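A look at the structure
Each chain, letter by letter, is given below.
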Amino acid sequence: MPIEIKDADPAEVENQLREAGINGVHKLRSRRYLAIGDASDVFMKSILGDCEQLAVDYLKHFKQRGFEIAAPDQTLILLVFRDDRSFGKFFRMPSLPEAASMGIGAQMTGAYDRSSNLLNVFDWRNVPMASRSSHLNVQTVAHEGTHQLTFNTGLLNRSGDAPTSIIEGLGTYGEPRKVIGPSAVGRINVRRLDELAKYRRVADWIPLRDLIADDSLLREGLVAKVVLSYAQSWLLVHFLMQVPDWTPKFRDYLAAIRQRRAPTRRLEDATEHLGDLDALDRALKAYSIQLLRGM
């Protein structure tokens, strides 16, 4: 089913935050973005700066590779929370320590909502016992911010159909960032490559045709399978973006699926523009070995 989209109204968002019991809600602006939330001004300014830099790096990277994209023509809204408790209040979830005490092994720690066009993040530095909090802040903003950019620059259609593996492959492709300053898009995602190697020991390789056709692989089931699905999605997009002979095929593929509203032609579109999917699977396996040997 097509996604029903309606851009969030800043005043309504502020009311929703207050109705969720979140105090100290305020706003800050930058060139392309509006931040709303209860986070400190210092953190809000940092996130706005990170998003602005990500937008510059993202636009440069994809335009250099021939993708027909354009800077967003509207202000993009960020919901920036003081910590995981405020984030949890808004999304009606427990805080991370509460979730751990209840045996919840994984839960949402950042989100981009296609329907409202909102990016949601919190300050990991205020989460008890969270290690490498600055790195987690940058990685979360980069992942969710890349999602927001892909759907607001013409790369993907916000109201259309795209395989979750492609959506998350692009998000994980944008994840690796330096903590400070410009950072080239498309760096090796060491975390996803490490997960690929680790979880291949306990789970079978997921055939590419399944990854494209079955969104549930990235949404539900055994943790090992979900993590492996994300890792393979990153590998797919990295391969298509970094191997020159494949990038034009990927451009044509994304252009073709941009008009789709239902998942009925996913495999046909992929085969038409990316060729034999079993052959591409073999190329991806070889590429993963090449990357792992280079670590």
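Structure report, in brief. (Residues numbered from 1 in each chain as written. Predicted model: local features only at pLDDT ≥ 70, side-chain atom pairs only at ≥ 80, totals over all residues. Heavy atoms only, no water.)

Here we come to unusual backbone geometry. The residue Arg 92 is not glycine, and still its phi comes out positive at about 55°. Note that Arg 92 resides in the loop between α3 (84-91) and α4 (96-101). (Helix = DSSP H or I, 4+ residues; strand = E, 2+ residues; numbered from the N terminus.)

Below, the discussion takes up helix α2 (residues 41-64). Between its first and last C-alpha atoms α2 spans 35 Å; for 24 residues at 1.5 Å apiece the expected length is 34 Å, and the two agree. Downstream of α2 by a residue or two, Gly 66 has a phi angle that is positive, lying close to 85°. (Expected span 1.5 Å × (residues − 1).)

The tally for this structure, following the rule as stated, stands at 14 aromatic pairs. Ring geometry for Phe 81 and Phe 87: centres 5.6 Å apart, planes at 90°, overall edge-to-face. Among the aromatic residues, ring-to-ring pairing joins Tyr 58, Phe 62, Phe 67, Tyr 173, Phe 250 and Tyr 253 into one connected group. Stacked on the ring of Trp 246, the Lys or Arg Lys 249 has its end atom at 4.1 Å from the ring centre. (Phe/Tyr/Trp six-rings, centres within 6.5 Å; stacked < 30°, edge-to-face > 60°. Lys NZ or Arg CZ within 6 Å of the ring centre and 35° of its normal.)

So, on to the environment of Asp 194. Within the element layout of this structure, Asp 194 appears in helix α7 (residues 190-199). For Asp 194, a relative accessible area of 45% corresponds to the partly exposed category. On a C-alpha basis, the gap between Asp 194 and Met 295 in space is 9.5 Å, while along the polypeptide they are 101 residues apart. (Buried < 20%, exposed > 50% of the residue type's maximum accessible area, 1.4 Å probe, protein only.)

In this section: the side chain of Gln 148. Within the element layout of this structure, Gln 148 appears in helix α5 (residues 133-150). A relative accessible area of 0% means that Gln 148 is categorised as buried. Among the polar contacts made by the side chain of Gln 148, one reaches the main-chain carbonyl oxygen of Asn 117 at a distance of 3.1 Å. Not counting residues within four places of it along the chain, the set of residues in contact with Gln 148 comprises Tyr 33, Leu 76, Ile 77, Leu 78, Tyr 112, Asn 117, Leu 118 and Leu 119. (Polar contact = N/O pair within 3.5 Å; in protein donor to acceptor, adjacent residues only side chain to side chain. Contact = heavy atoms within 4.5 Å.)

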